[in-house]
Amino acid sequence: MRAEDKKEIYGMLQQIDSWIQGVPSVTFGSVPQFTDDRENSREHDAPSSSLHASVTESSGFSDTEQKKDSDVSVQDALDNVAKKIRECQRCGLAKTRKKAVPGMGVVHPTVLVIGEGPGGEEDIQGLPFVGPAGQLLDKMLAAINLSRHSNCFIANIVKCRPPGNRDPLPEECHACRSYLDAQIAILKPRLILCMGRVATQNLLQTTLGIGQLRGKFTEYNGIPCMATYHPSALLRNQELKRPAWEDLKVFRERLQQICPGYEGH
């Protein structure tokens, strides 16, 4: 890894700590001196005949190498947030959880999917949306050519399971908010899809019901954001599947407009 990439990661981790702690971003002490890893330092070992070609490339690295460095930086930042989430003791949910659920998905997602909080199976596995509602969510995403394995990241408003799958309390949502804000800032998704009332109300700080919020685009920190019904609601009420599909078609249309190369089914 190059020295400049190490410095970028260092700065990003400091910024994350500031977000999570809720304090202004400040650099404490002197910044460490970073050096290139030998295997990635082309200039060090390149023969003189190849130096000109090396420096005329973007930073001496191919697009593939630059993307790999970017992926490493984002993954390191996400891992740092996940570590803090797993160690978190900010609210009472920490006392009843089995495993915290930071989130999962790709490091450069087109779409960030935000749910309410972990359920029973998620609490056991430490992964989001892996129970029956998660299986339905995967089918909903696949219907518009989205997947947690290729172009999405899935997170929740709260990272620990509320007992009995009750709605998270306002103080629990507040305790987790800086983690979600940090994840959004790191991931930089092109769009956000909120699943259900609790996720949408908490993200957008509104009291409107899901019936008024669904299928319409608003913005969150400049990112287009749309809500639809939570998969668990569809499992309880089959009549909601048709309007949820209409919402997904609206979302797919916006994806096609702002993401060149995206193809919905």
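The rules behind these values
Residues numbered from 1 in each chain as written. Predicted model: local features only at pLDDT ≥ 70, side-chain atom pairs only at ≥ 80, totals over all residues. Heavy atoms only, no water. UniProt positions renumbered as here; feature names shortened; annotations may be inferred. Helix = DSSP H or I, 4+ residues; strand = E, 2+ residues; numbered from the N terminus. Expected span 1.5 Å × (residues − 1). Bend = angle between axes of the 7 residues up to and from the residue. Pairing = 2+ DSSP bridges. Buried < 20%, exposed > 50% of the residue type's maximum accessible area, 1.4 Å probe, protein only. Core = buried A, V, L, I, M, F, W, Y, C linked by side-chain atoms within 4.5 Å. Contact = heavy atoms within 4.5 Å.

By the naming in an unreviewed UniProt entry, the chain goes by Type-4 uracil-DNA glycosylase and is assigned to Candidatus Treponema excrementipullorum. Its UniProt record gives the chain the following Sequence similarities (unreviewed entry) comment, quoted word for word: "Belongs to the uracil-DNA glycosylase (UDG) superfamily. Type 4 (UDGa) family." Under the Catalytic activity (unreviewed entry) heading, UniProt states for the chain: "Hydrolyzes single-stranded DNA or mismatched double-stranded DNA and polynucleotides, releasing free uracil."

A. Region of the structure containing helix H8 (residues 170–187). Compared with an ideal rise of 1.5 Å per residue, which puts 18 residues at 26 Å, H8 spans 25 Å between its outermost C-alpha atoms and is within 8% of the ideal. Considering bend angle alone, the principal kink of H8 is centred on Cys 176 and spans about 40 degrees. Immediately downstream of H8, the backbone of Lys 188 shows phi near 50 degrees, a positive value.

B. Just the sheet that holds strand E4 (residues 191–195), in detail. The mixed open sheet is built from 6 strands, whose spatial order is E1-E3-E2-E4-E6-E5. Both outer strands of the open sheet, strand E1 (104–105) and strand E5 (217–220), are each paired with one neighbouring strand and no more. Bridge count for E5 against strand E6 (residues 223–228) is 4 bridges, and the pairing is antiparallel. Among the inter-strand pairings, Thr 218 is bridged to a residue of E6, identified as Cys 225.

C. Representation of the pairing of E4 within the structure. Most of E4 sits inside the fold, with 5 of its 5 residues counted as buried. Alternating residues of E4 divide into Leu 191, Leu 193 and Met 195 and Ile 192 and Cys 194, and every residue in both groups is buried.

D. Seen up close, the nonpolar core. Within the largest apolar cluster, 59 residues are counted, with the highest numbers of intra-cluster contacts made by Val 111, Leu 146, Ile 192, Leu 203 and Phe 251. Take this core: its biggest share by element is 8 residues, from H8. Those residues in contact with Leu 146, other than ones at most four positions away along the chain, are Val 111, Leu 141, Asn 151, Cys 152, Phe 251, Leu 255 and Tyr 262.

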